[in-house]
Amino acid sequence: MSRPPEIVLAVGYAVLRAGLPAPASFRRWVEAALRGAKRRKPAELAIRIVDADEGRALNRDYRGKDYATNVLSFPAELPPGVALPLIGDLAICAPVVLREAAEQGKLPRDHWAHLTIHGVLHLLGYDHVEDGEAEAMEALETRILAGLGIADPYA
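Our subject in this report is the structure included herewith. Here the structure is a predicted model, which is why all the values come from computation and not from measurement. (Residues numbered from 1 in each chain as written. Predicted model: local features only at pLDDT ≥ 70, side-chain atom pairs only at ≥ 80, totals over all residues. Heavy atoms only, no water.)

Some words on the pairing of strand β1 (residues 7-13)
Note the following rule: Paired strands, in this sense, are two strands between which DSSP finds at least two bridges. Numbering of helices and strands runs from the N terminus; a helix is a DSSP stretch of H or I covering at least four residues, while a strand is a stretch of E covering at least two. With the strands aimed away from the viewer, a crossover counts as right-handed if its path from the first strand over the helix to the second runs clockwise.
Where β1 lies against strand β2 (residues 43-50), seven bridges are found, and the strand directions are parallel. The partner of valine 11 across the bridge, within β2, is isoleucine 47. Remark: the β1/helix α1 (residues 23-36)/β2 crossover connection has left-handed handedness.

Brief notes about helix α2 (residues 52-63)
Worth spelling out the cut-off: Helix span, as expected, comes to 1.5 Å for every residue beyond the first. Using a 1.4 Å probe on the protein chains alone, a residue whose accessible area is under 20% of its type maximum counts as buried, one over 50% counts as exposed, and one in between counts as partly exposed. It is the directions from the helix axis to the C-beta atoms that the arc portrays.
With 12 residues, α2 extends 15 Å between its outermost C-alpha atoms, agreeing within 8% with the 16 Å of an ideal straight helix rising 1.5 Å per residue. All of the buried residues along α2 are Gly55, Leu58 and Asn59. Across the axial projection of α2, the buried residues extend over an arc of 95 degrees, all falling on one side. More than 90 degrees from the buried face of α2, the exposed residues found are Asp53 and Asp61.

See the structure below:
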């Protein structure tokens, strides 16, 4: 049996960590997303947990939308010929995740898992702009989450 590919994950908290998932949880969710997407190569990424102000600034500066959103994905744009395992960075806005979980009647931990997996899939090139892409991405997310014992977030 082959060894799983190496994953280098850095998790940074720009907010108080109390009540938030530990780096080990993020690692588990990242690994599940990479496995689900059938990535067999090493991967390196960073996750930064941000507050509403930073989340809003990032969303405004990079997407032109002046509000904090749940997760932002920044895929790595490596120059031609540079073969590094870097897939990109995620910024996850803690207050938005917690508010959405409450509004949607979900366990916060399940919502954190979903948004982490969703963000990693974006880093791997998945998108949900077109209907067909959205259906494929949501089906993959649902399958990955089911493997973690988490209910379909779109049901």
